[in-house]
Structure formats: C-alpha cells, structure tokens
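Inside the fold
If you want the building blocks of each chain, they are given just below.
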Amino acid sequence: MNTSIFFLALRRMRVPLIVLIVLYAVSALGLTLVPGIDAQGRPAPPMSFFHAFYFVSYTASTIGFGEIPVPFSDAQRMWVTVCIFLSVIGWSYSIISLLALVQDKGFQQVLQSGQFARRVRHLGEPFYIVCGCGETGMLIARALDRSGIRVVALERNDQRIQEVELEDFAADILVLCADAAQPQNLILAGLKHRSCRGVLAITDDDSANLAVAIASRLVNPRLMVVARVASPSVERNMMSFGTHYVVNHFEKFADYLAQAIHSPSWFRLVDLLTGLPGQQVPERHDPPVGDWVVCGYGLFGQAVVRNLERQGVSLTVIAPEQNLPATVRHIVGHGMEAEPLRLAGIETAVGIVAGGDNDTNNLSIAMTAKEINPALFVVVRQNRVANEVLFDAYDADFTMVPSRIVARECMALITSPLLTRFLRHVRAWPDTRAASVARQLEELCVHRVPLVWSVRLNAADAPAAHKLLMMEQATIRMGILRRDPAARQDFLPLLPLLLVRDGRDQELPDDETVLKPGDELLFAGTRGAKAAQNLALDNRNALEYVLTGHDAQGLLWRWFNPTKRAGDPGSG
C-alpha cells in the first residue's frame with residue numbers, strides 16, 4: 001500500500017517535476033554559456049557546470065546567498081533575472097499541482113486505505129468485521145463496544161462514516177469508506193487477520209451481503225459469517241454454500257408474531273434473552289387469538305401469512321395484486337380506505353398487520369383500522385429509520401423494525417453461541433414454564449434485559465476450575481458458580497439456562513448438578529454477576545473461598561490484613 005501511494009504521487013506530480021528539472025537545467029546551462037567578469041572587472045570565461053548548478057540551486061530555491069564567487073556581469077545578471085521568474089512560475093505550478101493532489105478524492109482514499117490497513121494489522125485483540133454502518137450496524141457496534149469487543153467497519157456512505165466518528169465509543173472503531181462487496185476491501189479490513197473472529201454482512205442490499213458471505217467463506221473458511229437477507233431465494237443461496245447464520249428479518253419477525261399468538265410467555269422469554277443487555281425490559285406483547293387482517297403481500301406479508309397459517313390462525317389479505325394463492329382469502333385493495341378493511345372483516349378481527357413497504361401508508365392503514373375497531377391489536381412495519389418519530393407518536397402494539405431484529409440476532413450469536421441451541425428447547429416448553437423463567441430473570445435483573453453468556457470448563461475459559469477438576473479431582477456443583485466470591489453466603493443475580501456435556505443438553509440445571517471438565521454452560525444475569533463468576537473461575541483463591549468458605553490468601557496478604565480472616569463471615 002505504501003508503494004502504491006508513492007507511485008501514485010509520482011504519477012500525479014510527473015509533469016510539475018519535469019518542468020522544474022527542465023527549468024533548472026536550462027538555467028544552469030545558460031550560466032555556463034554567458035561570459036562573466038573577474039574581481040578586477042575584466043572579462044572572464046563563463047561559470048563551470050558545478051558553480052552554475054550550485055548557484056541555480058540556491059537562487060531558484062529562494063535561499064539567495066548572492067553573486068558568488070565573484071560579482072556577475074550584466075549579461076549574467078540579465079540571464080539570472082529570467083531564471084528567477086521562470087523558477088517562480090515553475091514552483092508555483094508545482095505547489096498548485098501538489099495542493100490539487102492532496103485534495104483529490106482518489107488520493108485521499110488511497111491515504112485513508114493505507115492508514116486503515118496499518119491500524120488493522122496492528123490490532124492484537126479479537127475483532128469482528130461489520131459490513132454496513134446503518135442503523136443495524138450502529139446498534140451492533142454499540143453492543144459489541146459495551147462488551148469489550150473491537151469492531152472494524154466498511155461503509156460506502158461517507159455521511160454515515162462521519163456519524164460513526166462522532167459516536168462516543170469506549171474503543172475507536174476502525175472504519176473505511178469502501179464497498180464491502182469487493183473482496184480486496186474485506187482483506188484490508190482484516191479478513192485474513194489472526195485476531196478476526198467473524199464477518200457480519202448487514203447492509204440493506206441482499207446482493208452485497210451475498211458477495212460478502214461468498215468472499216468470506218472462500219478466503220477464510222474458519223470465520224463465523226452472519227448475513228442479513230430479505231429475499232428467500234438469496235437466503236437459500238447463502239445456505240447452500242455454508243454461511244453459518246442467515247438472519248431473514250421478515251421471516252424472524254413473522255415467526256415471533258405467530259409464536260407470540262400461540263404462546264405469549266414463550267415470546268416474552270425470547271424477547272428477554274435476545275434483547276440488548278442493560279436496556280429496560282421491553283413492553284410485553286400478547287397478540288390475541290382470533291381472525292387477523294394482513295395488508296400487503298410482499299416479502300414481509302408472505303412471511304407473516306405463511307407463519308400465521310402454520311399456527312392455524314384465520315386471516316384475510318388485502319393487497320392490490322390479484323395472483324395470490326387460492327388458499328389465501330384475498331381482498332383487492334390497499335387497506336388505507338375503510339371499504340377494503342370492512343370487506344376483510346376488520347370489525348370482528350382481533351388484529352391487523354400493516355406490512356407494506358411505505359411507512360406513510362402503513363400508518364394510514366393502522367389509523368383507519370383502529371377507528372373502525374378500537375380494540376384491534378395493531379402490528380406496523382417501519383421501513384425507514386427517519387420515520388421513527390412518527391411511529392413513536394402512534395405507539396402501535398407491535399412495531400416491526402428490521403434493524404433491531406437483525407442486531408439482536410447477531411449479538412445473541414456472537415456473545416452466547418449456546419443461546420440458539422437453548423431457544424430450540426424453549427420452543428417446546430409449556431407456556432407456564434416459560435412464564436416462570438421469564439419472571440425469574442426479570443426479578444434477578446431488576447427489570448433490565450439480562451446479559452447472556454457462555455462458559456466452557458477448560459483451561460482457557462476457566463483455568464482455576466479446570467485445574468481443580470482435572471488435577472485434584474475435586475467436586476464442583478452448579479450452585480458454587482452462583483455464589484458471590486466477595487460474600488459466599490450470597491447468591492449472584494444469575495440463572496443457569498443450559499448444560500451441554502458430550503453433545504447432550506440439560507435444561508435449567510439445578511444447584512446440585514455435578515460439573516465435569518469440558519462442560520459448556522449458558523447463563524443469564526447481570527454484567528456484575530458475570531464479572532464475579534469469572535473471578536471465581538479464573539482465580540484459585542476466589543474459587544477456594546466459594547467452595548469451602550476459607551479465604552486462601554497468602555501469608556503476606558494476611559500479614560497486611562490481620563483482621564481480614566477474623567471478620568470474614570465465611571471463614572472457619
């Protein structure tokens with residue numbers, strides 16, 4: 001990259017440099033031809049090439065030592081005057097050309113790319129490549145930053161890059177204005193870097209996301225690839241070549257809506273576990289059972305109809321298209337007027353989905369339907385981030401925002417890979433069990449979205465616990481990992497969700513469950529609880545304390561703190 005910058009600058013400055021060289025050569029040549037005078041004023045031969053070059057060098061560079069080694073003749077002074085004006089013109093042309101080069105967008109892009117590539121190469125901590133810095137990318141970047149994970153971003157829109165640079169992140173986000181669909185830009189972003197952990201293709205262009213997924217799988221197959229997609233055909237294409245996770249926000253929301261109708265507490269639990277940690281617990285959504293009206297039959301409308309029908313929900317579609325499947329009850333129209341809504345049975349329906357690709361029309365549909373039937377449960381699709389104020393003012397029962405759905409799914413996959421596995425088990429739970437677990441989590445986290453994390457009992461993730469289990473054959477039960485290493489009589493605000501051992505899953509393991517080396521565990525709780533648990537897993541003294549109640553500090557620590565053990569409620 002440095003070589004390309006150097007040669008690009010030489011290529012752009014080629015003519016100005018040639019002009020300067022020619023001017024210097026002509027000026028020096030003239031001085032070797034014009035006769036001079038000696039110290040006594042008598043005619044003397046012209047200057048030598050060395051003296052001529054020396055004089056032109058300091059005169060044309062405006063240093064100006066004077067006429068040396070002897071005063072010049074009138075002819076020499078006339079030639080030097082011409083040379084001075086020519087050098088001024090030459091240097092002015094060169095400086096103007098240099099300024100134009102510095103201001104050139106292409107040259108600035110090359111400089112920025114070089115600086116960006118150097119900073120990426122020097123990254124020593126794990127990072128993820130985020131392709132696209134729209135609302136989805138910003139949500140993910142903030143969440144990763146709060147989790148202490150570095151982000152490298154690619155974005156085509158320069159205005160979005162300026163917004164990223166104005167954000168207050170704990171660690172600088174390395175961002176480059178470039179098309180992520182080009183493989184060389186992904187390589188610049190660290191696709192081959194040893195610390196790169198994955199690529200998130202989350203632009204709003206399915207074809208660009210497809211190109212990123214293909215390049216990532218070919219160049220570095222070990223990386224986790226998560227891709228956002230709206231089209232089912234592109235989704236199938238991505239899955240065919242082994243993309244690890246494909247997030248279809250239309251399909252995901254439609255599945256959530258259908259499951260929420262069938263099992264509201266299941267959806268409440270999923271909403272808590274996949275939310276952005278630390279935020280206020282989201283408002284509860286309990287879509288009613290009954291007849292529904294769906295306005296719009298695009299990709300989103302089709303996903304909603306498909307998932308609602310799978311749950312046995314009776315529905316009617318309002319759409320201008322006339323070639324809908326024969327199995328779907330269909331009213332031709334847009335739904336913004338009262339007549340199509342009445343024909344679709346809005347007066348007796350329990351809910352409506354305004355799922356078109358125009359935000360204004362969706363709000364108009366929702367408002368018209370609500371006037372006809374004030375008891376309706378309203379689901380509205382929001383397409384543009386700029387219209388968030390309007391949707392907040394309307395306050396629908398359920399708002400479909402693609403960026404938030406994708407961000408939540410990506411963060412769940414990154415921070416807790418076992419969560420997807422656990423949610424598959426939750427889908428089969430009775431509603432009462434899901435309600436009980438959701439209530440426990442809300443109480444533990446004081447009505448904040450819990451942090452979900454995974455732990456593996458090995459030498460890397462839990463060195464103290466692993467050594468105790470392997471070397472000393474000690475017994476560690478699940479309840480030990482719930483005790484506070486600062487006061488073992490207290491339990492940390494966390495809940496064990498899943499234990500994976502030898503490929504077998506145990507849901508909600510109790511405190512008496514005996515742990516073994518290599519076990520994978522999934523927890524949900526507060527960020528402070530995770531930090532305290534990590535201390536017990538990493539530090540032998542802290543683990544010894546929660547196991548036995550004895551503070552196994554060293555002699556030096558006890559000498560400096562003679563009252564520590566006497567006042568310790570967990571000591572002997």
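Below you will find a few notes about this structure. Note that the structure is predicted; figures quoted are calculated from it, not measured. (Residues numbered from 1 in each chain as written. Predicted model: local features only at pLDDT ≥ 70, side-chain atom pairs only at ≥ 80, totals over all residues. Heavy atoms only, no water.)

Overview of the overall build of the chain
Helices and strands together make up the secondary structure of the chain, namely 23 helices and 20 strands. Relative to the 2.2 N^0.38 estimate, which gives 25 Å for 572 residues, the radius of gyration of the chain is 35 Å and therefore markedly larger than a compact globule would have. Of all intrachain contacts in the chain linking residues separated by at least 6 positions in sequence, the fraction that spans at least 24 positions is 65%. Per element, the accessible surface of the chain, about 28,000 Å² overall, is 57% carbon and sulfur. (Helix = DSSP H or I, 4+ residues; strand = E, 2+ residues; numbered from the N terminus. Rg over C-alpha atoms; globule rule 2.2 N^0.38 Å. Contact = heavy atoms within 4.5 Å. Areas by Shrake-Rupley, 256 points an atom, 1.4 Å probe, with all protein chains shown as cover.)

Section: the side chain of Gln382
Relative to the elements of secondary structure, Gln382 occurs in the loop between strand S13 (377-381) and helix H16 (388-394). Within the local environment of Gln382, its side chain forms a polar contact with the backbone oxygen of Arg384, the two atoms lying 3.2 Å apart. Gln382 has contacts with Asp359, Asn387, Glu388, Phe391, Thr399, Met400, Val401 and Pro402, leaving out every residue within four places of it along the chain. (Polar contact = N/O pair within 3.5 Å; in protein donor to acceptor, adjacent residues only side chain to side chain.)

Regarding the sheet that holds strand S10 (residues 315-319)
Read across the sheet, six strands follow the order S11-S10-S9-S12-S13-S14 without closing on themselves; strand pairing throughout is parallel. The sheet terminates laterally at strand S11 (330-332) and strand S14 (398-400), the two strands that pair on one side only. Within the sheet, the average angular offset between the axes of one strand and its neighbour, ignoring direction, is 15°. For strand S9 (residues 292-295) and S10, the ladder comprises four bridges, and the chain directions are parallel. Counterpart to Cys295 in the pairing with S10 is Ile318. Across the face of the sheet, helix H11 (residues 249-262) comes into contact with S9, strand S12 (351-354), S13 and S14 while running at roughly 160° to S14. Helix H15 (residues 359-372) contacts S9, S12 and S13 of the sheet and is inclined by roughly 170° relative to S13. (Pairing = 2+ DSSP bridges. Axes fitted to C-alpha atoms, helices over the stretch in contact; angles between N-to-C directions.)

Here's the deal with the packing of aromatic side chains
Tallied over the full model, the rule gives twelve aromatic pairs. Ring centres of Phe55 and Phe72 lie 4.9 Å apart, and the angle between their planes is 65°; this geometry places the pair in the edge-to-face category. A residue pair is termed long-range when its members are at least 10 positions apart, and Phe55 in helix H3 (residues 49-60) and Phe72 in the loop between H3 and helix H4 (74-103) qualify at 17 residues. Of the two residues, Phe55 and Phe72, neither departs from the other in class, the shared state being buried. By way of ring pairs, the aromatic residues Phe250, Phe253, Tyr256, Trp266, Phe267, Phe300 and Phe398 are connected into one cluster. (Phe/Tyr/Trp six-rings, centres within 6.5 Å; stacked < 30°, edge-to-face > 60°. Buried < 20%, exposed > 50% of the residue type's maximum accessible area, 1.4 Å probe, protein only.)

Some remarks on the pattern of salt bridges
Applying the stated criterion across every chain, the model contains 21 salt bridges. Its salt-bridge partner being Glu409, residue Lys252 comes within 3.8 Å of it at the nearest N-O pair. With Lys252 in helix H11 and Glu409 in helix H17 (residues 402-415), this residue pair connects regions lying 157 residues apart in the sequence. Residue Lys252 is classed as partly exposed on the basis of its relative accessible area, which comes to 27%. Take Glu409: its relative accessible area is 13%, and that puts it in the buried class. Residues Arg342 and Glu347 are paired through a salt bridge, measuring 2.5 Å at the closest nitrogen-oxygen approach. Owing to a relative accessible area of 40%, Arg342 belongs among the partly exposed residues under this scheme. For Glu347, a relative accessible area of 47% corresponds to the partly exposed category. One continuous salt-bridge network, built from bridges that share partners, spans Asp255, Arg310 and Arg427. (Salt bridge = Lys/Arg side-chain N within 4 Å of Asp/Glu carboxyl O.)

Some details on the state of the cysteines
Under the counting rule described, the total for this entry stands at zero disulfides. Of the cysteine sulfurs around Cys133, a residue in no disulfide, the closest is that of Cys131, at 9.1 Å. Its relative accessible area of 6% is what places Cys133 among the buried residues. (Disulfide = S-S within 2.5 Å.)

Thoughts on helix H9 (residues 206-219)
End to end, H9 covers 20 Å across 14 residues, agreeing with the expected 20 Å (1.5 Å per residue, within 8%). Every buried residue of H9 is listed here: Asp206, Ala208, Asn209, Leu210, Val212, Ala213, Ala215 and Ser216. In this structure, the buried side of H9 is in contact with strand S3 (127-131), helix H8 (183-188), strand S6 (196-201), strand S7 (224-229) and helix H10 (232-240). (Expected span 1.5 Å × (residues − 1).)

Let's talk about the pairing of strand S5 (residues 174-177)
Relative to S5, strand S4 (residues 150-155) runs parallel, the two sharing four bridges. Paired with Leu154 across the strands is Leu176, a residue of S5. Where the polypeptide runs from S4 across helix H7 (residues 158-166) and back to S5, its parallel neighbour, the crossover connection is right-handed. (Right-handed = clockwise from strand over helix to strand, strands pointing away.)

So, the packing of H11 against helix H13 (residues 299-310)
Where H11 contacts H13, the two axes come as close as 8 Å, and the packing angle between them is 30°. As far as their axial angle goes, H13 and H11 are roughly parallel. Remark: the crossing between H11 and H13 carries right-handed chirality. Residues Phe250, Glu251, Phe253, Ala254, Asp255, Leu257, Ala258 and Ile261 of H11 form the contact with H13, whose participating residues are Leu299, Phe300, Ala303, Val304, Arg306, Asn307, Leu308 and Arg310. Taken together, the residues that form the contact of H11 with H13 break down as eleven nonpolar, one polar and four charged. (Parallel < 35°, antiparallel > 145°, perpendicular 65-115°, else oblique. Left-handed = near helix turned anticlockwise from the far one by under 90°. Nonpolar A, V, L, I, M, F, W, Y, C, P; charged D, E, K, R; others polar.)

So, empty space enclosed by the protein
Taken as a whole and assessed by the stated rule, the structure comprises four cavities of 30 Å³ or more. The computed volume of the largest cavity comes to approximately 120 Å³. For the largest cavity, the lining is made up of 17 residues, of which Gly275, Pro277, Met411, Ala412 and Thr415 are closest to its centre. Among the secondary structure elements, those contributing two or more residues to the lining of the largest cavity are helix H6 (135-146), H17 and strand S15 (451-456). Residues belonging to the lining of the largest cavity are distributed by class as follows: nine nonpolar, five polar and three charged. (1 Å grid on protein atoms, 1.4 Å probe; cavity = no way out; pocket = protein on both sides within 12 Å on 5 of 7 lines; lining within 4 Å. Points joined across faces, edges and corners; volume = space filled by probe spheres on them.)

Considerations on the nonpolar core
Core analysis: the largest hydrophobic core is formed by 54 residues, its most contacted members being Leu269, Leu273, Trp292, Leu308, Val317 and Phe422. For this core, the element with the highest residue contribution is H11, accounting for eight residues. (Core = buried A, V, L, I, M, F, W, Y, C linked by side-chain atoms within 4.5 Å.)

A look at a nonpolar patch on the surface
Taken together, the side chains of Phe6, Phe7, Leu10, Leu17 and Ile21 make up a nonpolar region of the molecular surface, amounting to roughly 490 Å² of accessible area. Of all the secondary-structure elements, those providing two or more residues to the nonpolar patch are helix H1 (2-12) and helix H2 (14-31). With respect to the helices, strands and loops of the structure, Phe7 is situated in helix H1. (Patch = residues over 30% accessible without salt bridge, like charges linked within 9 Å, V, L, I, M, F, W, Y side chains within 5 Å.)

Quick word on H3
In an α-helix, one full turn covers 3.6 residues, which means residues spaced three or four apart are oriented alike. The end-to-end C-alpha separation of H3 is 16 Å, in line with the 16 Å expected for twelve residues at 1.5 Å each. Turning to H3, its buried residues number three or more, namely Ala52, Phe55, Val56, Tyr58, Thr59 and Ala60. Tucked inside the fold, the buried residues of H3 contact H2 and H4. Phi turns positive, to about 65°, at Thr62, one or two residues after H3.

That's the geometry; what it means functionally is another story.
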